[in-house]
Amino acid sequence: MDHDRSSGEGVGPQEYTLIKMRVQELHGKLASLAPKVVFLIAATLRPETMYGQTNCWLGPDLNYITIEAKNGDVYVCTKRAARNMAYQGMLRVENKVLPIVEMKGYELMGTKLTAPLTSYKTIYTLPMMTVKEDKGTGVVTSVPSDAPDDFAALIDLKNKPALREKYGITEEMVNVEPVPIIDVPEFGTLISAPSVCQMMGIKSQNDKEKLVEAKEKVYLRGFYEGTLIIGEFKGKKVQEVKKAIQEKLVKAGEAELYQEPEKQIISRSGDECVVALCDQWYLDYGESEWRKQVEQSLSDLDTYHGEVRRNFEATIDWLKGHTCARTYGLGTRLPWDEKWVIESLSDSTIYMAYHTFNLRASGKDLVPNHLTYYLYNHTAIWPTQKEMWPTGIRANGHLLLNSEKMSKSTGNFLTLTDALDKYGADGMRLALANAGNSIEDANFETQVADSGVLRLWTFVELAKELMIEKDTMRSGPNTVNDKMFIAEMNLKIRETEEHYKTLMFKESLRTGFFEYSNLFHQYHLSLTKASEYLAEASHCFRLRLKSHMTSGKGKKGETPTAPQPPSHGIVWVAKTFPKWQSIILTTMHDIYKKNKSLPDNKELSKALGSAPSLKKYMKKVMPFVQAVRERMDKFGEFALKDTIEFDERSILEENMDYLQATLDLEGIELKWTEECENERTQEEVVPGEPYLTFFNATCLQLELINPQPHTGLFQAILPVYENDNLAAILNIHEDNIS
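Treat the numbers as computed from the prediction; the structure is a model and nothing was measured.

*Asks:* Looking at this structure, I do not really get the overall build of the protein chain. What am I missing?
*Replies:* Secondary structure assignment for the protein chain yields 21 helices and 28 strands. Against the 2.2 N^0.38 benchmark of 27 Å for 738 residues, the protein chain shows a C-alpha radius of gyration of 44 Å, more extended than a compact globule. By its C-alpha atoms, the protein chain is 150 × 70 × 50 Å across when sized along the principal axes. Among the 738 residues that make up the protein chain, the fraction classed as buried is 41%. Partitioning the intrachain contacts of the protein chain with sequence separation of at least 6 by distance along the chain shows that 68% fall at a separation of at least 24. Split by element, the accessible area of the protein chain, about 41800 Å² in all, is 53% carbon and sulfur. Side chains of the protein chain give 87 positive and 104 negative charges; the mean places of these two sets differ by 6 Å.

*Asks:* What is the right way to look at the UniProt feature "domain: Leucine--tRNA ligase RagD-binding" (unreviewed entry) in the protein chain in this model?
*Replies:* Look at the UniProt record and you will see "domain: Leucine--tRNA ligase RagD-binding" (unreviewed entry) annotated at residues 573–644. With 61% helix and 1% strand, residues 573–644 has its two end C-alpha atoms placed 12 Å apart.

*Asks:* How should the side chain of Arg360 be read in this particular structure?
*Replies:* Summarising the element assignment, Arg360 is placed in strand β19 (residues 360–363). Of the side chains bearing the opposite charge, Asp365 lies closest to the buried Arg360, which forms no salt bridge; the N-O distance is 9.7 Å.

*Asks:* What am I meant to see in the pairing of strand β20 (residues 393–396) here?
*Replies:* On a regular strand, each side chain points to the face opposite its neighbour's, so the side chains alternate between the two faces of the sheet. When β19 meets β20, the two strands line up parallel, connected through four bridges. Within β20, the residue paired with Arg360 across the bridge is Ile393. In the classification by handedness, the crossover that spans β19, the intervening helix α9 (residues 370–381) and the parallel β20 is right-handed.

*Asks:* I tried to follow the sheet that holds strand β22 (residues 404–405) on my own but got confused; where do I start?
*Replies:* By way of backbone hydrogen bonds, the strands of a sheet pair with one another, either parallel or antiparallel. If you trace the three strands from one edge of the open sheet to the other, you get β22-β21-β23, paired in mixed fashion. Across the chains shown, the open sheet's two edge strands, defined by having one partner strand only, are β22 and β23 (442–444). The pairing of strand β21 (residues 399–401) with β23 spans three bridges and is classified as parallel. Across the sheet, Leu400 pairs through a bridge with Asn443, a residue of β23.

*Asks:* What's the story with the nonpolar core in this structure? I'm lost.
*Replies:* Burial of nonpolar side chains together is a common tendency in soluble globular proteins. Met21, Leu40, Trp57, Tyr64, Leu126 and Val139 are the most contacted members of the largest nonpolar core, which has 50 residues in total. Mapped onto this core, the elements with two or more residues apiece are β2 (13–23), β3 (38–44), β4 (55–58), β6 (74–77), β7 (101–104), β9 (123–127), α2 (148–159) and α6 (238–251). Take this core: its biggest share by element is four residues, from α6. When sequence neighbours within four positions are dropped, the list of residues in contact with Val139 reads Met21, Leu40, Ile41, Ala42, Ala43, Cys56, Trp57, Leu58, Tyr64 and Val76. In this structure, Trp290, Val294, Ile316 and Leu371 belong to the second largest nonpolar core, which totals 20 residues.

*Asks:* Help me understand a nonpolar patch on the surface in this model?
*Replies:* A cluster of nonpolar side chains, contributed by Leu700, Leu702 and Leu704, occupies part of the molecular surface with about 250 Å² of accessible area. Here Leu704 shows up in strand β27 (residues 699–705). When its relative accessible area of 40% is taken as the criterion, Leu704 is described as partly exposed.

*Asks:* Whenever I open this one, the packing of helix α7 (residues 288–299) against helix α8 (residues 306–318) confuses me. Can you help?
*Replies:* To characterise two packed helices, one gives the angle between the axes of the helices and the distance between these axes. Relative to each other, α7 and α8 sit at 180°, their axes nearing to 11 Å. Looking at the two axes, α7 sits roughly antiparallel to α8. Within the contact between the two elements, α7 uses Arg291, Val294, Glu295, Leu298 and Ser299 and α8 uses Arg309, Phe312, Glu313, Ile316 and Asp317. Residue composition of the contact of α7 with α8, grouped by class: four nonpolar, one polar and five charged.

*Asks:* Is there a simple way to think about the state of the cysteines in this case?
*Replies:* By definition, a disulfide is the covalent link that joins the sulfur atoms of two cysteine residues. Applying the stated criterion across every chain, the model contains zero disulfides. Of all cysteine sulfurs, the one in Cys278 lies closest to Cys324, which takes part in no disulfide; the gap is 12 Å.

*Asks:* Mind showing me how you'd approach the packing of aromatic side chains here?
*Replies:* For any pair of aromatic rings, the description rests on two quantities: the centre-to-centre distance and the angle between the ring planes. Enumeration over the complete set of coordinates arrives at 14 aromatic pairs. Ring centres of Tyr285 and Tyr373 lie 4.9 Å apart, and the angle between their planes is 5°; this geometry places the pair in the stacked category. One end of the pair, Tyr285, is in the loop between β15 (282–284) and α7; the other, Tyr373, is in helix α9, with 88 residues separating them in the sequence. The same class applies to Tyr285 and to Tyr373, which are both buried. Taken together, a centroid distance of 6.2 Å and an interplanar angle of 65° make the contact between Tyr500 and Phe505 edge-to-face. Its relative accessible area of 49% is what places Tyr500 among the partly exposed residues. For Phe505, a relative accessible area of 39% translates into the label partly exposed.

*Asks:* Please explain α2 as it appears in this structure.
*Replies:* Spacing of three or four residues puts side chains on the same side of an α-helix, whose turn is 3.6 residues. Under the 1.5 Å per step criterion, the end-to-end length of α2 is 16 Å for twelve residues, consistent within 8% with the ideal 16 Å. Among the residues of α2, those classed as buried are Pro148, Asp150, Phe151, Ala152, Ala153, Leu154, Asp156 and Leu157.

*Asks:* Can you help me understand the UniProt feature "domain: Methionyl/Leucyl tRNA synthetase" (unreviewed entry) in the protein chain in this one?
*Replies:* When the UniProt feature table is mapped onto this chain numbering, "domain: Methionyl/Leucyl tRNA synthetase" (unreviewed entry) sits at residues 363–447. Between the end C-alpha atoms of residues 363–447 the distance is 25 Å, and the span holds 39% helix and 15% strand.

*Asks:* It is not clear to me how the sheet that holds strand β26 (residues 691–695) should be interpreted in this structure. Could you clarify?
*Replies:* The sheet built from three strands is open, its strands ordered β25-β24-β26 with mixed pairing. With partners counted over all chains shown, the strands left at the sheet margins are β25 (667–672) and β26, one partner each. Put simply, the sheet's adjacent strands are angled 25° from each other on average, direction ignored. The strands touched by helix α13 (residues 505–549) are β24 (568–573) and β26; relative to β26, the strand with the most contacts, the crossing angle is about 35°. Against the sheet, helix α18 (residues 656–663) contacts β25 and β26, and its axis sits at roughly 120° relative to β25.

*Asks:* Whenever I open this one, unusual backbone geometry confuses me. Can you help?
*Replies:* Note: most peptide bonds trans; most residues except glycine with negative phi. The residue after Ala34, namely Pro35, is reached through a cis peptide bond having omega 5°. By the element assignment, Pro35 lies in the loop between β2 and β3. Not every positive phi belongs to a glycine, and Asn95 is a case in point at roughly 65°. The residue Asn95 is located in the loop between α1 (79–86) and β7 in this model. Asn95 gets classed as partly exposed once you look at its relative accessible area, which sits at 41%. Phi is positive for Leu117, close to 75°, though the residue is something other than glycine. Its place among the elements puts Leu117 in the loop between β8 (112–114) and β9. Judged by relative accessible area, which is 21%, Leu117 ranks as partly exposed.

*Asks:* Please clarify how helix α16 (residues 618–635) should be interpreted in this entry.
*Replies:* With 18 residues, α16 should cover 26 Å at 1.5 Å per step; its first-to-last C-alpha distance of 25 Å lies within 8% of that length. Packing partners of the buried residues in α16 comprise α14 (579–595) and α15 (601–609). In the segment just after α16, Gly636 is the residue with positive phi, at about 70°.

*Asks:* Whenever I open this one, the pattern of salt bridges confuses me. Can you help?
*Replies:* Side chains that differ in sign of charge can pair as their charged atoms come close. Counted under the stated rule, the structure contains 29 salt bridges. Notably, a salt bridge pairs Asp426 with Arg429, separated by 3.0 Å at the nearest N-O pair. One end of the pair, Asp426, and the other, Arg429, are both in helix α10 (residues 416–434), three residues apart, so they sit about a helical turn from each other. Given the relative accessible area of 55%, Arg429 is considered exposed. Residues Arg510 and Glu515 are paired through a salt bridge, measuring 2.6 Å at the closest nitrogen-oxygen approach. What makes Glu515 partly exposed here is its relative accessible area of 24%.

Calculation notes
- Residues numbered from 1 in each chain as written.
- Predicted model: local features only at pLDDT ≥ 70, side-chain atom pairs only at ≥ 80, totals over all residues.
- Heavy atoms only, no water.
- Helix = DSSP H or I, 4+ residues; strand = E, 2+ residues; numbered from the N terminus.
- Rg over C-alpha atoms; globule rule 2.2 N^0.38 Å.
- Buried < 20%, exposed > 50% of the residue type's maximum accessible area, 1.4 Å probe, protein only.
- Contact = heavy atoms within 4.5 Å.
- Areas by Shrake-Rupley, 256 points an atom, 1.4 Å probe, with all protein chains shown as cover.
- Lys, Arg positive; Asp, Glu negative; His and termini not counted.
- Charge placed at Lys NZ, Arg CZ, Asp CG, Glu CD.
- UniProt positions renumbered as here; feature names shortened; annotations may be inferred.
- Salt bridge = Lys/Arg side-chain N within 4 Å of Asp/Glu carboxyl O.
- Pairing = 2+ DSSP bridges.
- Right-handed = clockwise from strand over helix to strand, strands pointing away.
- Core = buried A, V, L, I, M, F, W, Y, C linked by side-chain atoms within 4.5 Å.
- Patch = residues over 30% accessible without salt bridge, like charges linked within 9 Å, V, L, I, M, F, W, Y side chains within 5 Å.
- Axes fitted to C-alpha atoms, helices over the stretch in contact; angles between N-to-C directions.
- Parallel < 35°, antiparallel > 145°, perpendicular 65-115°, else oblique.
- Nonpolar A, V, L, I, M, F, W, Y, C, P; charged D, E, K, R; others polar.
- Disulfide = S-S within 2.5 Å.
- Phe/Tyr/Trp six-rings, centres within 6.5 Å; stacked < 30°, edge-to-face > 60°.
- Expected span 1.5 Å × (residues − 1).

So this is what it looks like as structure tokens:
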């Protein structure tokens, strides 16, 4: 059962064909087995390739044993393989391994064998260093025409007399040639493995990476596209005859069916697991009508993540009969056979039908078993009541701690109690939400938890300060910045709500806390920058007005005439810098970001002089560069940007009354520089630095005379301009009229 494993959850059995190669002469340690019939047994996934056997491989340093088979014959294999066989009813004594003789692989080198299907009457055991003890039986059939590894190893033995001598291998034993057995497109009727090895430049067994690639090419093409060119199934597709050849070998007593785990499985007791053949109750998850109902249930199910749905689909596709009971442990007795207990993954999986909130949150490792059984059980018990079926499954990965697997042995471990004591409930929630959303393993970072506590404390303190300052805050109509802030806040609220609905807690944290908090700081910053901009602009406007009102030098002997105070002004605002200035700013900014500072003007002049688009402006380039440098002293890196972070026109429009009052003007117009006919204004006005020009508008002069004697005000001149109304006149001339 999956949950009885400490490693290897989800790993299933792999079926092999055990090829029986009879030992022709019993020598050495095998001599004591006479008169028994002795076989070296090789586990293969490709029984159809046995037509091409030329030899048998053994690991020289592996440990081998001989064991008695159920029919009295003797098998040679590794102890691990024998243990699997013992639990599959293949040995004389069930569930036990009783070795007769034990030996090393090198003691069996050069043994004469008779193998099924091959055209060679005798094949020999030869050494291969890459034979593994943890896969198969430790005995490997050699088909050099179809297996690049076999071909490379055989060539090594042929070309290296010293290697043969080391293991007592004669030249006669390797005097074999690959046998063509499969016609493969691209390779034709040529021998596939030798052809690919030659094409890829594989010289020996040491070309490991190339051999892996070659094996994939030959095996895939050979099995799925190849045609057999030998034996009674000649002319048929390889994948079509594999089963038939396997059955033929088993029926003739030349092979047996054998199973072992696809990968290593370790039980919670620390033992390596085997595939056992035993009595067992199965649930037939492959039954077509039941499966259709489950597929319907899955189509209506919210899995919250596309990969989870794909994993369910893959599981339903391969899941057939599966064990549902065991003879030990706690659990519910099987009603019709009470010596069995329903195993935990198959039991207790309909409780969600009675929950108000029908959502099952679980680990991704349970999708191939418990959670899929959960769907099957609901549809079986309520086949026509879809309202009782699950509506949502949220699967998640495991939890890492600081990007590493939690382990007591390494010290990378944190209990819930310790975490709560250290970070508090809110700090824990923040760090867990930030750990991840998908079915990939989430990562709890202690640094995030630490900083989260500080962030939350800062947030609470800010809220307290704002509540204290509430009565002193500005009121009245919302400004452009206010409206933008409100719109952005509402957007984040909607986004956060959607993330919560889909259980995307990291995204909820991002939009509902980090980005939401950042919006406030940006809003506060924009108000500060807008205030600074308005103060700077109004100061420049006043200096401009003062300059405008300064009398020029009159002719010699004459008193200069004082300029007439202007009645109106036009504020020119630039949308962008002139193109040549934008090029300079971009170049300077790139250099600044690369070097963290600006070089001297000589280096800048050299860099800018190479730009063709600046040639006609070269006299203006360096003065502009110097002006930018001076702005950097005040604004830092921001002075190198060719845009500004706020809407300066909106700020000026919102504060028009203030500007008119501080400049004592009847009216002010706002215009873009592109509307100006003055080329110098178009050239010199840049974003963030508006320019004010003055003029006197045509008006009707009303003379107001006070007929009341003995009063301080006898008369006043009241100008009336185009489009003025009574409210405007009273507002502008309130002091005079009163």
